[in-house]
Amino acid sequence: MEKILQRLASFATFDLPLNVGYNLLQLRTIHNEQTAVTSRWTIEGTRRKLIAHYWYRHVFYHFLSLFGIALLIILPFSPYFNLLYLSVLFMMGA
């Protein structure tokens, strides 16, 4: 239970992707997976995969969670809610 709360707090403060130990572990993991598939895999390719992992996983999920929490808080109090309103919110989020 404590580990789950610690990971949730780390996600909320967005400090896990900025942790050097976590980044080194991810770098090693990605590099080992890719060298198993391709024998001539470079560290530059691993670096690019790590950057893509940061943007498409950590930043994207963090944005979606903040947007979703705000949406869940605002929607019950909005008297003018309809599907057009929801589509505009999603377009603004995208």
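### Overview of the environment of asparagine 23
Argument step 1. Its place among the elements puts asparagine 23 in helix H2 (residues 20-37).
Argument step 2. Since its relative accessible area comes to 26%, asparagine 23 is described here as partly exposed.
Argument step 3. Sequence separation of asparagine 23 and leucine 50 is 27 residues, and the distance between their C-alpha atoms is 8.1 Å.
Argument step 4. Every residue in contact with asparagine 23, bar those within four places of it in the chain, is listed here: Pro17, Leu18 and Leu50.

### Some points on the packing of H2 against helix H3 (residues 43-74)
Argument step 1. Between H2 and H3, whose axes approach to 9 Å, the crossing angle comes to 120°. Accordingly, the angle class assigned to the pair H2 and H3 is oblique. In this structure, the crossing between H2 and H3 has a hand that is right-handed. Across the interface between the two elements, Tyr22, Asn23, Gln26, Leu27, Ile30, His31 and Gln34 of H2 pack against Ile43, Thr46, Lys49, Leu50, His53 and His58 of H3.
Argument step 2. Among the residues forming the contact of H2 with H3, the class breakdown is five nonpolar, seven polar and one charged.

### Points about the pattern of salt bridges
Argument step 1. Evaluation of the coordinates by the stated rule reveals two salt bridges.
Argument step 2. Taking the shortest distance from any N to any O, the salt bridge between glutamate 44 and arginine 47 comes out at 3.1 Å. Placement of both glutamate 44 and arginine 47 in helix H3 is noted, with a separation of three residues, approximately one turn of the helix.
Argument step 3. Where glutamate 44 meets arginine 48, a salt bridge forms, and the shortest distance between an N and an O atom there is 3.2 Å.

### Side note on the packing of aromatic side chains
Argument step 1. Under the definition given, this model contains three aromatic pairs.
Argument step 2. Between tyrosine 54 and tryptophan 55 the ring centres are 5.3 Å apart and the planes differ by 80°, which places this aromatic pair in the edge-to-face class.
Argument step 3. Judged by its relative accessible area of 24%, tyrosine 54 is partly exposed.
Argument step 4. Ring centres 6.1 Å apart and planes at 45° place the aromatic pair phenylalanine 60 and tyrosine 61 in the tilted group.

Cut-offs applied
- Residues numbered from 1 in each chain as written.
- Predicted model: local features only at pLDDT ≥ 70, side-chain atom pairs only at ≥ 80, totals over all residues.
- Heavy atoms only, no water.
- Helix = DSSP H or I, 4+ residues; strand = E, 2+ residues; numbered from the N terminus.
- Buried < 20%, exposed > 50% of the residue type's maximum accessible area, 1.4 Å probe, protein only.
- Contact = heavy atoms within 4.5 Å.
- Axes fitted to C-alpha atoms, helices over the stretch in contact; angles between N-to-C directions.
- Parallel < 35°, antiparallel > 145°, perpendicular 65-115°, else oblique.
- Left-handed = near helix turned anticlockwise from the far one by under 90°.
- Nonpolar A, V, L, I, M, F, W, Y, C, P; charged D, E, K, R; others polar.
- Salt bridge = Lys/Arg side-chain N within 4 Å of Asp/Glu carboxyl O.
- Phe/Tyr/Trp six-rings, centres within 6.5 Å; stacked < 30°, edge-to-face > 60°.

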